[in-house]
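Topology and contacts: notes
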Amino acid sequence: MPQDTLTITDNRTGQTYTAPIDHGTIRAMDLRKIKTGAEDFGLMTYDPAFMNTASCRSAITYIDGDKGILRYRGYPIEVLAEHCTFLEVAYLLLFGELPTASELKHWVGEITHHTMLHESTKKFMEGFGHDAHPMAMLVSTLAALSSIYPESRNIHDPDNRLLQVKRLIGKVPSVAAMSYRHSVGYPYVYPDNDLSYPENFMNMLWKMAEPKYAANPVLARALDILFILHADHEQNCSANAMRAVGSAHTDPYLTTAAAAAALAGPLHGGANEEVLRMLDEIGSKANVPAYIKKIKEGKGKLMGFGHRVYKNYDPRAKIIKWTAEKVFEVTGHNPKLEIALELERIALQDEYFVQRKLYPNVDFYSGIIYQAMGFRPEMFTVLFAIPRTTGWLAQWQEMLNDPEQKIARPRQVWIGYETRQFVPIEQRVAVAAD
Ligand SMILES: CC(C)(COP(=O)(O)OP(=O)(O)OC[C@H]1O[C@@H](n2cnc3c(N)ncnc32)[C@H](O)[C@@H]1OP(=O)(O)O)[C@@H](O)C(=O)NCCC(=O)NCCS
């Protein structure tokens, strides 16, 4: 019997089956042959929320949640955050290798020349109310780009795919900035090709009457680091949405909009906005113990704490804490940091959090930095979506190039009725529906 196999005995029939083990997994389809008889569909696994199911083989992002490791294409996140720009990391995620100096120059030039939006996109955005959530505007506008680039439907042509990838990476900061300017009632600012990726984003957000916007270099670098940290995170909820929707061969704009919609949820990308609300609710350092007590009594969750895969300190949170110090040297002290540090201090030694391995995640400090830089909480998830677009696109490309992938279509365990007798409307008995 080969060693890398699993032997399963079906106690219903006494039959024994062998399934190969590859990369620590067995193939779910190998279970299908385990049947009680010819009529039996075969055994399935039941795994709500994909707690223990690999949906793909991937070579993009590696996470070891127990050890607190995050690597893009084999490079530790700490090294990339220290030495690279976001667009350099974007190249790495998409193409698998770090670019040479000339490849990077070309790549940056290409992305820079795709930052402009079609004027009809501007008109589309003008239709939103001024109190529309910027994330709702971003998701809708990403989807609307599909109508401007109908050729993007041709997802099987690699050149065409690459063009859409460049357009999306180039345009997502422009859409994000427009959604912000719209919500505060300022005129839109067009991209400035002389500026770097983060500087141009800051220009489109904050340029007022000055002839040329000059970004603070410390804040621009901090933003670029935050972009690097948020660029990809393997099979999270939005990456899974990207792969699932993309598996139907939907065009990349609609698919990215679907991924961004997943990111908008408070359990995913919306958490940093929730962290700020939580810190506001706590109000002062003195109120932290009472707040922790409330959480332990089951009244809510400590936002920015806990992670599906990290059961150790999120490595991104460490870099963010360091980045926060640099930002505060420019912007001045943020009183929320004091509350956050106290929350972290108490939670890290409290039995409830220790036992459940609940550590600060990337969202715990990012919101405080964003606020210090002048962003409103409504913009936080949008700031997450900008770099994550690259990760989604890398996951999407990998999925399309994987010959094993098909349209994503999970199975279900049926727990409903067998065939029921139809009851005419006049004979139906009311059930309490509200
Ligand atoms: C991220 C998150 C959704 C992961 O959830 P998960 O892997 O499904 O973990 P579970 O919800 O099963 O949590 C396990 C236990 O820890 C508790 N827990 C998890 N996160 C918690 C938090 N932030 N505060 C308090 N308790 C928490 C759960 O109540 C549960 O306790 P129980 O075993 O007594 O029932 C969850 O930790 C969370 O909601 N965190 C806050 C939101 C957040 O910061 N999200 C950003 C993620 S980057």
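This report concerns the structure included in the present document. (Residues numbered from 1 in each chain as written. Predicted model: local features only at pLDDT ≥ 70, side-chain atom pairs only at ≥ 80, totals over all residues. Heavy atoms only, no water.)

1. Details of the nonpolar core
Formed by 113 residues in total, the largest nonpolar core has its most connected members in Phe201, Met278 and Phe375. Counting residues per element, this core draws most heavily on helix 17 (residues 380-401), at twelve residues. Beyond its immediate chain neighbours, meaning those up to four positions away, Phe375 contacts Phe201, Leu205, Trp206, Leu223, Tyr370, Phe380 and Leu383. (Core = buried A, V, L, I, M, F, W, Y, C linked by side-chain atoms within 4.5 Å. Buried < 20%, exposed > 50% of the residue type's maximum accessible area, 1.4 Å probe, protein only. Helix = DSSP H or I, 4+ residues; strand = E, 2+ residues; numbered from the N terminus. Contact = heavy atoms within 4.5 Å.)

2. As for the pairing of strand 2 (residues 15-20)
Two faces make up the sheet, and in a regular strand the side chains alternate between them. Where strand 1 (residues 5-10) meets strand 2, six bridges bridge the pair, whose relative direction is antiparallel. From the neighbouring strand, Asp10 faces strand 2, where its bridge partner is Gln15. If you look at the hairpin formed by strand 1 and strand 2, you'll find four residues sitting between the two strands, and Gly14 has a positive phi there, around 80°. (Pairing = 2+ DSSP bridges.)

3. Digging into the layout of surface pockets
One number sums up the size of the second largest pocket: a volume of about 170 Å³. Around the second largest pocket, the lining is made up of 16 residues, and of these Val108, Thr112, Asn193, Leu195 and Ser196 lie nearest the centre. Mapped onto the lining of the second largest pocket, the elements with two or more residues apiece are helix 3 (101-112), helix 6 (158-184) and helix 7 (197-206). The dominant element in the lining of the second largest pocket, judged by the number of residues it contributes, is helix 3, at four residues. Of the residues in the lining of the second largest pocket, the class split is six nonpolar, eight polar and two charged. (1 Å grid on protein atoms, 1.4 Å probe; cavity = no way out; pocket = protein on both sides within 12 Å on 5 of 7 lines; lining within 4 Å. Points joined across faces, edges and corners; volume = space filled by probe spheres on them. Nonpolar A, V, L, I, M, F, W, Y, C, P; charged D, E, K, R; others polar.)

4. What to know about helix 3
Since the α-helix advances by 3.6 residues per turn, residues separated by three or four positions end up pointing in the same direction. Along its twelve residues, helix 3 runs 16 Å from first to last C-alpha, staying within 8% of the 16 Å computed at 1.5 Å per residue. Looking at helix 3, one finds that the buried residues are Leu104, Trp107, Ile111 and Thr112. Relative to the axis of helix 3, the buried residues are bounded by an arc of 130° and lie together on one face. Set apart from the buried face of helix 3 by more than 90 degrees, the exposed residues are Ser102, Lys105 and His106. The inward-facing, buried residues of helix 3 abut helix 2 (86-95), helix 6 and helix 7. (Expected span 1.5 Å × (residues − 1). Arc of directions from axis to C-beta.)

5. Quick look at the site of the ligand
Neighbouring the ligand are 18 residues, the closest being Leu302, Gly304, Phe305, Arg308 and Arg356. Separating a nitrogen atom of the ligand from a backbone N or O atom of Leu302 is a distance of 2.7 Å. Contact with the protein chains removes 70% of the 870 Å² of surface that the ligand exposes when unbound. Split into classes, the residues belonging to the shell around the ligand amount to eight nonpolar, five polar and five charged. (Near = heavy atom within 4 Å. Polar contact = N/O pair within 3.5 Å; in protein donor to acceptor, adjacent residues only side chain to side chain. Areas by Shrake-Rupley, 256 points an atom, 1.4 Å probe, with all protein chains shown as cover.)

6. Describing empty space enclosed by the protein
Under the criterion given, the structure shown has two cavities of 30 Å³ or more. Quantified by volume, the largest cavity comes out at close to 70 Å³. In terms of lining residues, the largest cavity is bounded by Thr115, Met116, Leu117, Ser174, Met178, Val189, Tyr190, Pro191 and Met204. Split into classes, the residues belonging to the lining of the largest cavity amount to seven nonpolar, two polar and no charged. There is about 30 Å³ of room inside the second largest cavity. Gly306, His307, Tyr310, Asn312, Asp314, Tyr359, Pro360 and Asn361 together form the lining of the second largest cavity.

7. Describing helix 12 (residues 288-296)
All of the buried residues along helix 12 are Val288, Tyr291, Ile292 and Ile295. Relative to the axis of helix 12, the buried residues are bounded by an arc of 100° and lie together on one face. Away from the buried face of helix 12 by more than 90 degrees, exposed residues Ala290 and Lys293 are located. Packing partners of the buried residues in helix 12 comprise helix 11 (271-282), helix 14 (335-349) and helix 15 (351-355). Gly298 sits one or two residues past helix 12 and shows a positive phi near 90°.

8. Looking at the sheet that holds strand 4 (residues 69-72)
Here we have three strands laid out as an open sheet, ordered 3-4-5, and antiparallel in their pairing. Where the open sheet ends on each side, the last strands, each with one partner, are strand 3 (61-64) and strand 5 (75-76). Judged from the two bridges that link them, strand 4 and strand 5 form a sheet pairing that is antiparallel. Each residue of the ladder has a partner; that of Tyr72, found in strand 5, is Tyr75.

9. Comments concerning the pattern of salt bridges
Oppositely charged side chains may form a pair once their charged atoms are brought near each other. Going through the model one piece at a time under the given rule, you end up with 20 salt bridges. A salt bridge links Arg221 to Asp224, with the nearest nitrogen and oxygen atoms 3.7 Å apart. Placement of both Arg221 and Asp224 in helix 8 (residues 217-229) is noted, with a separation of three residues, approximately one turn of the helix. A relative accessible area of 28% means that Arg221 is categorised as partly exposed. Accessibility expressed as a relative area gives 6% for Asp224, which makes it buried. Across the pair Lys336 and Asp280 runs a salt bridge, and its minimum N-O distance is 3.2 Å. Within this pair, whereas Lys336 is found in helix 14, its partner Asp280 is found in helix 11, the two being separated by 56 residues in sequence. (Salt bridge = Lys/Arg side-chain N within 4 Å of Asp/Glu carboxyl O.)

Keep in mind these values describe shape, not function.
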